[in-house]
Amino acid sequence: MAGHEIPEPADRKQVADPRSDPQTVAESRPSCDPAFRHGVVVGFDGSMSSERALAYAIGMAGRLSSGLIIVHVANRLPTTVWAGCEPPVFVDVPDHRTEVLGLELACADYLSDVPWVLVERGGDICHELEEVGREYSADAIVVGSTHGIVGRIFGSVAGRLARRAQRPVIVIP
């Protein structure tokens, strides 16, 4: 209606101070270790295809005399469904799998030849792998291929990443 203002709810909380400078995503994340700049990023979740990708990435990092950035992306689940014009809200599900993977990797003999770091992220796998690659100025991102029906229906991580990445993506069969 023209000329009528809709009052704001009394219980509405201000999320940010409008006078403050917005903080970018790059500033909010801790800076990466410079020893791993221009390293090799590899997506790892413990599956057979990610183990093959890890093996290739270890060899590649060794040949390049660079570090290995192993990325595990934790699960995020929607807490609401899309309702009209309200976007869905995502919540990080506690994922102890990263701790288990970290312990397994720390005990692995095959990682003793290259310096490596395990990075945990939450969200979309493609976006997070590309973001870690950007943060570390990675020379390449290595991922395993998907052979299941889910990858054929929804699109594989490797295919989506190869289409949108700003750096070389190596897909290991």
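Just so we're clear, the structure is a prediction, and the values are computed from it rather than from any experiment.

Thresholds, definitions, all that
- In this numbering scheme, every chain counts its residues from 1 along its sequence in written order.
- Local features are withheld for residues below a pLDDT of 70 in this predicted model, meaning they are given only at 70 or higher, and side-chain atom pairs are given and counted only at 80 or more; totals for whole chains, interfaces and linings count all residues.
- To get the side-chain values, all heavy atoms of the structure are used, and hydrogens and water are removed first.
- The salt bridge criterion pairs a side-chain nitrogen of Lys or Arg with a carboxyl oxygen of Asp or Glu, the two atoms within 4 Å.
- Where helices and strands are cited, they refer to DSSP runs of H or I of at least four residues and of E of at least two residues respectively, numbered from the N terminus.
- Think of it in three bands: residues with accessible area under 20% of the maximum for their type are buried, residues over 50% are exposed, and the middle band is partly exposed, with areas taken using a 1.4 Å probe on protein chains only.
- Ring pairs are drawn from Phe, Tyr and Trp, using the six-membered ring of Trp, whenever the two centres fall within 6.5 Å, and their geometry is named by plane angle: stacked under 30 degrees, edge-to-face over 60, tilted for the rest.
- Placement of a positive charge over a ring is assigned whenever Lys NZ or Arg CZ falls within 6 Å of the ring centre and within 35 degrees of the normal to the ring plane.
- Pairing between strands requires that DSSP locate at least two bridges from one strand to the other.
- Helix axes are fitted only over the stretch in contact, all axes being lines through C-alpha atoms; the angle between N-to-C directions runs from 0 to 180 degrees.
- In what follows, residue pairs with any heavy atoms lying within 4.5 Å of each other are defined as contacts.
- Throughout, the arc means the angular range of directions from the helix axis out to the C-beta atoms.
- If an angle is under 35 degrees, it is roughly parallel; if it is over 145, roughly antiparallel; if it lies from 65 to 115, roughly perpendicular; otherwise it is oblique.
- Here a crossing is called left-handed whenever its near helix is offset anticlockwise from the far helix by less than a right angle, and right-handed whenever the offset is clockwise.
- Basically, the charged four are Asp, Glu, Lys and Arg, the nonpolar ten are Ala, Val, Leu, Ile, Met, Phe, Trp, Tyr, Cys and Pro, and anything else, Gly included, counts as polar.
- Buried residues of nine kinds, namely Ala, Val, Leu, Ile, Met, Phe, Trp, Tyr and Cys, make up a nonpolar core once their side-chain atoms join them within 4.5 Å.
- A score between 0 and 100, pLDDT records how confident the predictor is in each residue.

Draft legend 1. The arrangement of the pattern of salt bridges in detail. Throughout the structure, instances matching the rule amount to six salt bridges. Among the salt bridges present, the one from arginine 160 reaches aspartate 124, with a minimum N-O distance of 3.4 Å. Residue arginine 160 is found in helix α6 (residues 157-164), and its partner aspartate 124 is found in the loop between β5 (116-122) and α4 (125-135); the two are separated by 36 residues along the sequence. Residue classification places aspartate 124 among the partly exposed positions, given a relative accessible area of 33%. Across the pair aspartate 124 and arginine 164 runs a salt bridge, and its minimum N-O distance is 3.8 Å. Taken as a pair, aspartate 124 in the loop between β5 and α4 and arginine 164 in helix α6 lie far apart in primary sequence, 40 residues in all. Owing to a relative accessible area of 39%, arginine 164 belongs among the partly exposed residues under this scheme. Here the salt bridges do not stand alone but share partners, grouping Arg121, Glu128 and Glu135 into one network.

Draft legend 2. Looking closely at the packing of aromatic side chains. One pass over the full model with this rule turns up zero aromatic pairs. The lysine or arginine in question, arginine 63, covers the ring of tyrosine 56, its NZ or CZ lying 5.7 Å from the ring centre.

Draft legend 3. Spotlight on the sheet that holds strand β6 (residues 140-144). Pairing is parallel across the open sheet formed by five strands, whose spatial order is β5-β2-β1-β6-β7. The open sheet has two free edges, formed respectively by β5 and β7 (169-172), since each of these has just one partner strand. Averaged over all adjacent pairs, the angle separating strand axes in this sheet is 25 degrees, with direction ignored. In terms of strand pairing, strand β1 (residues 40-43) meets strand β2 (residues 68-74) through four bridges, oriented parallel. Paired with valine 40 across the bridge in β2 is leucine 68. Each of β1, β2, β5 and β6 touches α4; the most contacted strand, β5, lies at about 135 degrees to it.

Draft legend 4. Structural context of helix α3 (residues 97-107). All buried positions along α3 are accounted for by Thr98, Leu101, Gly102 and Leu105. Across the axial projection of α3, the buried residues extend over an arc of 105 degrees, all falling on one side. More than 90 degrees from the buried face of α3, the exposed residues found are Glu99, Leu103 and Cys107. Of the surrounding secondary structure, the elements contacted by the buried residues of α3 are α2 (48-64), β2 and β5.

Draft legend 5. Representation of the packing of α4 against α6. As a packed pair, α4 and α6 sit with axes 9 Å apart at the nearest point and diverge in direction by 50 degrees. Taken together, α4 and α6 sit at an angle that is classed as oblique. With respect to the hand of their crossing, α4 and α6 are arranged in right-handed fashion. Contacts from Ile125, Cys126, His127, Leu129 and Glu130 in α4 reach Val157, Arg160, Leu161 and Arg164 in α6. For the contact of α4 with α6, the class distribution of residues is five nonpolar, one polar and three charged.

Draft legend 6. The nonpolar core, seen in detail. Formed by 18 residues in total, the largest nonpolar core has its most connected members in Val40, Val42, Leu54, Leu68, Ile70, Leu111 and Val142. Discounting residues that sit within four places of it in the chain, valine 42 has contacts with Ala53, Leu54, Ala57, Leu68, Ile69, Ile70, Val71 and Val142. Counting residues in each nonpolar core, the second largest holds 17 residues, with Phe36, Val71, Val119 and Ala138 among its members.

Draft legend 7. Summary view of the confidence of the model for the protein. Per-residue pLDDT for the protein averages 76, and the proportion of residues at 70 or more is 64%. Scored below 50 in pLDDT, residues 12-16 shows zero contacts in the model against residues more than four places distant or in partner chains. Per-residue pLDDT stays below 50 along residues 22-27; that stretch engages in three contacts with residues further than four places along the chain or on separate chains.

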